[in-house]
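For reference, the chains in residue letters:
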Amino acid sequence: MILDCAIIGGGPAGLTAGLYTTRGGLENVTMFEKGMPGGQITQSSEIENYPGVTGDITGMDLMMPWPAQCQKFGLIHDMAEVRRLSKEGDIFTITKSDDTTIQAHSAIICTGSSPRRAGFKGEDEFFGRGVSTCATCDGFFYKGKEVAVVGGGDTALEEALYLAKICSKVYLIHRRDTFRAAPNTVKRVKENEKIELVLNSVPQEVYGDASGVNGIKVKNNEGDIQDIGVPGVFTFVGNDVNNQTLIQEDGTFLCDVNEQGQVIVDLSMKTSLPGLFAAGDMRIEAPKQVVSAAGDGAVAALSVISYVDELLN
Ligand code: FAD
Ligand code: NAP
């Protein structure tokens, strides 16, 4: 069997694409997801900007009903990692990490992005043993203790606020003295008595022993070193696009990407390769929001329906 459409990635973009393709009449649509459907927002402790959804909800709460809603219209979930997407003639081949393959007439790639490493000494050595990129997952281990957060974007500040509810103190380490996070979030951070700002400072080293992290050394613009004794360091320094599945055997990308590896699309989420569409955080100029990723997924799905209709009829 050849799928009408293969959707790679089950975050807000992929799940919405799954809903719109199946509800829009495509019969054989499979969504491939390597982890848990829902995407990176499931790591967020708080979401307050998804329209119509009010109250204290986590990213996990928000995403919980999405998979079942798509399955109701016939979307198949294949909980597998896709290693490569390729195309020969009019047919796409989806190669999974166990080397099995499936073919499709069209594909929507929405593999999102992953947390970047900050690049200081000890970060990799202590990753998972005191260094973390997920406050919702690991914050509880530091209940009543002091922690450090690295970064100055929305994620760092929101997660610092979340950690301040659990921990006795949060050192927010940022390399500049202004933040790129939303003004309201910056205001809440500045007003929070449990958060101490460590500005114009970059991490030099996380140190510890066999039992985990003991502290982080940071250097400020004047060259002074500050040693902050904490058992937990959370880094939120941005994300890299997950575009590995588009890389072909010869090292080239299946479609055009920009210098940051983001997939180049037009307003209908069409890539440079006919039949391939991209949606969500991995596309150029993505606003990196759940609502826009979902919007992209819907647009890509509508484009796929027209493409498949023209191809097969
Ligand atoms: P993702 O959510 O990244 O989903 C991609 C999916 O693809 C993942 O489930 C992944 O497992 C899967 N995948 C990747 N590679 C493969 C592969 N090879 N094979 C199979 N599956 C694969 N946005 C807001 O609007 N409001 C917020 O409050 C907010 N808070 C945030 C807080 C945090 C901590 C973070 C990290 C992000 C936050 N965002 C927020 C941003 C939001 O989460 C993203 O913009 C959104 O999730 C992007 O959706 P996506 O579907 O494009 O990608
Ligand atoms: P981001 O906006 O790219 O911010 C990354 C932060 O890390 C920046 O402050 C940056 O400093 C700092 N940084 C980068 N590399 C560093 C390094 N090596 N060492 C130390 N610091 C480093 O990433 P993000 O906060 O994860 O947000 C990603 C996107 O998701 C954004 O578009 C954001 O708006 C969105 N998002 C939205 C919400 C929301 O709407 N509520 C919540 C979370 C995320 P500089 O500032 O100096 O560059």
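Because the structure is a prediction, the values reported are computed rather than measured. (Residues numbered from 1 in each chain as written. Chains lettered and ligands numbered in written order. Predicted model: local features only at pLDDT ≥ 70, side-chain atom pairs only at ≥ 80, totals over all residues. Heavy atoms only, no water.)

Asks: Please explain the overall build of the chain as it appears in this structure.
Replies: Helices and strands together make up the secondary structure of the chain, namely 7 helices and 19 strands. In terms of overall size, the chain behaves like a compact globule, its C-alpha atoms giving a radius of gyration of 21 Å where 313 residues would be expected to give roughly 20 Å. Overall, the chain is about 70 × 45 × 35 Å in size when its C-alpha atoms are taken along their principal axes. Across the 313 residues in the chain, those meeting the buried criterion constitute 50%. (Helix = DSSP H or I, 4+ residues; strand = E, 2+ residues; numbered from the N terminus. Rg over C-alpha atoms; globule rule 2.2 N^0.38 Å. Buried < 20%, exposed > 50% of the residue type's maximum accessible area, 1.4 Å probe, protein only.)

Asks: Is there a simple way to think about the packing of helix H5 (residues 154-166) against helix H6 (residues 183-191) in this case?
Replies: The relative placement of two packed helices is expressed as an angle between their axes plus a distance between the axes. One can describe the packing of H5 onto H6 by two numbers: an axis separation of 10 Å at closest approach and a directional angle of 40 degrees. Our classification of the angle between H5 and H6 gives oblique. Judged by the twist between their axes, the crossing of H5 over H6 is left-handed. Touching Asp 154, Leu 157, Glu 158 and Leu 161 of H5 are Thr 185, Val 186, Arg 188 and Val 189, all from H6. For the contact of H5 with H6, a count of residues per class yields 4 nonpolar, 1 polar and 3 charged. (Axes fitted to C-alpha atoms, helices over the stretch in contact; angles between N-to-C directions. Parallel < 35°, antiparallel > 145°, perpendicular 65-115°, else oblique. Left-handed = near helix turned anticlockwise from the far one by under 90°. Contact = heavy atoms within 4.5 Å. Nonpolar A, V, L, I, M, F, W, Y, C, P; charged D, E, K, R; others polar.)

Asks: Looking at this structure, how should I read the sheet that holds strand S8 (residues 107-109)?
Replies: Strand pairing within a sheet occurs via backbone hydrogen bonds; the two strands may be parallel or antiparallel. Across the sheet, which stays open at both edges, the 5 strands sit in the order S4-S3-S2-S8-S19 with parallel pairing between neighbours. A strand with exactly one partner marks an edge of an open sheet, and here the two such strands are strand S4 (76-78) and strand S19 (276-278). Adjacent strand axes in the sheet meet at a mean angle of 20 degrees when their direction is disregarded. Two strands pair when backbone bridges link them, and strand S2 (residues 5-8) and S8 are joined in this way by 3 bridges, in the parallel orientation. Paired with Ala 6 across the bridge in S8 is Ala 107. Relative to the sheet, helix H7 (residues 290-312) contacts S2, S8 and S19, its axis offset from that of S19 by approximately 170 degrees. (Pairing = 2+ DSSP bridges.)

Asks: It is not clear to me how the site of ligand 2 should be interpreted in this structure. Could you clarify?
Replies: Around ligand 2, the structure places 19 residues, and the nearest of them are Asn 49, Asp 154, Glu 158, Arg 176 and Arg 180. Arg 180 is positioned with one of its side-chain polar atoms (N or O) 2.6 Å from an oxygen atom of ligand 2. With 3 residues, H5 is the single largest residue contributor to the shell around ligand 2. Its residues placed into classes, the shell around ligand 2 shows 4 nonpolar, 9 polar and 6 charged. Counting residues domain by domain, the shell around ligand 2 receives three or more from each of domain 1 (2-115 + 239-312) and domain 2 (131-235). (Near = heavy atom within 4 Å. Polar contact = N/O pair within 3.5 Å; in protein donor to acceptor, adjacent residues only side chain to side chain. Domains from an automatic or database assignment.)

Asks: Please explain the domain arrangement of the chain as it appears in this structure.
Replies: A common way to report how large an interface is uses the accessible area buried once the components associate. Partitioning the chain into structural domains gives domain 1 (2-115 + 239-312) and domain 2 (131-235). Here domain 1 and domain 2 have C-alpha centroids that lie 33 Å from each other. With 6 residues of domain 1 at the contact, the number on the domain 2 side is 8 residues. Between domain 1 and domain 2 lies a buried interface of about 610 Å² when both sides are counted; carbon and sulfur atoms form 36% of it. When residues of domain 1 are sorted by the area they lose upon contact with domain 2, Gln 43, Ser 45 and Glu 46 head the list and together hold 69% of the total. Applying the counting rule to domain 1 against domain 2 returns 1 salt bridge. Measuring nitrogen to oxygen at the nearest pair gives 3.7 Å for the salt bridge that ties Glu 48 to Arg 188. Residue classes in the side of domain 1 that touches domain 2 are distributed as 1 nonpolar, 3 polar and 2 charged. (Buried area = accessible area lost by both parts, 1.4 Å probe. Salt bridge = Lys/Arg side-chain N within 4 Å of Asp/Glu carboxyl O.)

Asks: What exactly am I supposed to notice about the packing of helix H1 (residues 12-23) against H7 here?
Replies: Where H1 contacts H7, the axes come no closer than 7 Å and their chain directions differ by 35 degrees. Pair H1 / H7 crosses with right-handed handedness. Contacts from Pro 12, Ala 13, Thr 16, Ala 17, Tyr 20 and Thr 21 of H1 reach H7 at Val 290, Ala 293, Ala 294, Gly 297, Ala 298, Ala 301, Leu 302, Val 304 and Ile 305. Class assignment for the residues of the contact of H1 with H7 results in 12 nonpolar, 3 polar and no charged.

Asks: Sorry, what's going on with the site of ligand 1 here?
Replies: Surveying the vicinity of ligand 1 reveals 31 residues, the closest of which are Glu 33, Asn 49, Val 82, Asp 281 and Val 290. Between ligand 1 and Gln 40 there is a distance of 2.9 Å, counted from an oxygen atom to a side-chain nitrogen or oxygen. Interatomic distance of 3.5 Å between a backbone N/O atom of Ile 41 and an oxygen atom of ligand 1. Expressed as a share of its isolated accessible area of 1,000 Å², the protein-covered part of ligand 1 is 91%. Within the residue set of the shell around ligand 1, elements represented by two or more residues are H1, H5 and H7. Its residues placed into classes, the shell around ligand 1 shows 10 nonpolar, 14 polar and 7 charged. (Areas by Shrake-Rupley, 256 points an atom, 1.4 Å probe, with all protein chains shown as cover.)

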